[in-house]
Amino acid sequence: MITDDPSLIGSSLAQYVDLVYPDKGSVLHKIEKIDKCFGQDTVEEIIDALENEVATNYDEWCTLALKKLKEASPLSLKVSLRSIREGRFQSLDQCLSREYRLSLRSTSKHVSDDFCEGVRARLVDKDYAPKNAKSKENEDVITLSGDHLYRMDYMDFIQSHHRESGADITLSCLPMDD
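Only a predicted model underlies this, so the values are computations on that prediction, with no experimental measurement involved.

A. Seen up close, the environment of Arg98. Within the secondary structure layout, Arg98 lies in helix 6 (residues 92-108). Relative accessible area serves as the criterion here: at 4%, Arg98 is assigned to the buried category. For the pair Arg98 and Ser83, spaced 15 residues apart in sequence, the C-alpha to C-alpha distance is 7.8 Å.

Now the structure itself:
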């Protein structure tokens, strides 16, 4: 069929469509709540929004989502949120490339050992108690921007440029193309 008549297209599609009525527990009925909570700018704001939602309108789904987020690695949550947000405006090839780089970096311990620690806690020792950056004293904090995450060995950078010089703050920059 070659046409741009909406009524003809609609009637043709109707022959092959079954109406589905999601059950009461379906996530489709929670879309406004999901948008309200997960539409926030940062992981911390998302957690705050979920906590407020749980406190004001006890919701089992929000309680479970909040529990899962609090069990996860803070660094992984932030990297994942940024990846999802950037992916909305990228092609499938760009998204797959970024996801590949993320998976390599997260398993290599160049940025953090959170992934390996999570595997240890869930699959090896099964103690479900990962020892991530949130659960120990931080000596150094890194704030990354853009593709910095994929381009440097930060452990070497921290040791050789920050710790050995006794600096309070160390800044790393990459040249930008014109």
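Next comes the rest of the account.
B. Main features of unusual backbone geometry. At Lys126, a residue that is not glycine, the phi angle is positive and equals roughly 55°. In this structure, Lys126 sits in the loop between helix 7 (114-124) and helix 8 (148-151).

C. Just the pattern of salt bridges, in detail. Evaluation of the coordinates by the stated rule reveals nine salt bridges. Note that Lys33 and Glu53 form a salt bridge whose closest N and O atoms lie 3.8 Å from each other. A residue pair is termed long-range when its members are at least 10 positions apart, and Lys33 in helix 2 (residues 31-38) and Glu53 in helix 3 (residues 43-56) qualify at 20 residues. A relative accessible area of 22% means that Lys33 is categorised as partly exposed. For Glu53, a relative accessible area of 4% puts it in the buried group. Lys33 is the partner of Asp59 in a salt bridge, and the nearest nitrogen-oxygen pair spans 2.9 Å. You can see Asp59 sitting in the loop between helix 3 and helix 4 (60-71) and its partner Lys33 sitting in helix 2, a full 26 residues away along the chain. By relative accessible area, Asp59 is classed as buried at 9%. Several salt bridges converge on common partners, so that one network encompasses Lys33, Lys36, Glu53 and Asp59.

D. The arrangement of a nonpolar patch on the surface in detail. A surface patch of nonpolar side chains, about 980 Å² in accessible area, is lined by Met1, Leu8, Ile9, Leu13, Tyr16, Val17, Leu19 and Tyr21. As for its placement among the helices and strands, Met1 is situated in the segment before helix 1 (6-14). What makes Met1 exposed here is its relative accessible area of 68%.

Cut-offs used in this document
Residues numbered from 1 in each chain as written. Predicted model: local features only at pLDDT ≥ 70, side-chain atom pairs only at ≥ 80, totals over all residues. Heavy atoms only, no water. Helix = DSSP H or I, 4+ residues; strand = E, 2+ residues; numbered from the N terminus. Buried < 20%, exposed > 50% of the residue type's maximum accessible area, 1.4 Å probe, protein only. Salt bridge = Lys/Arg side-chain N within 4 Å of Asp/Glu carboxyl O. Patch = residues over 30% accessible without salt bridge, like charges linked within 9 Å, V, L, I, M, F, W, Y side chains within 5 Å. Areas by Shrake-Rupley, 256 points an atom, 1.4 Å probe, with all protein chains shown as cover.

No statement about biological role is implied by the geometric values presented.
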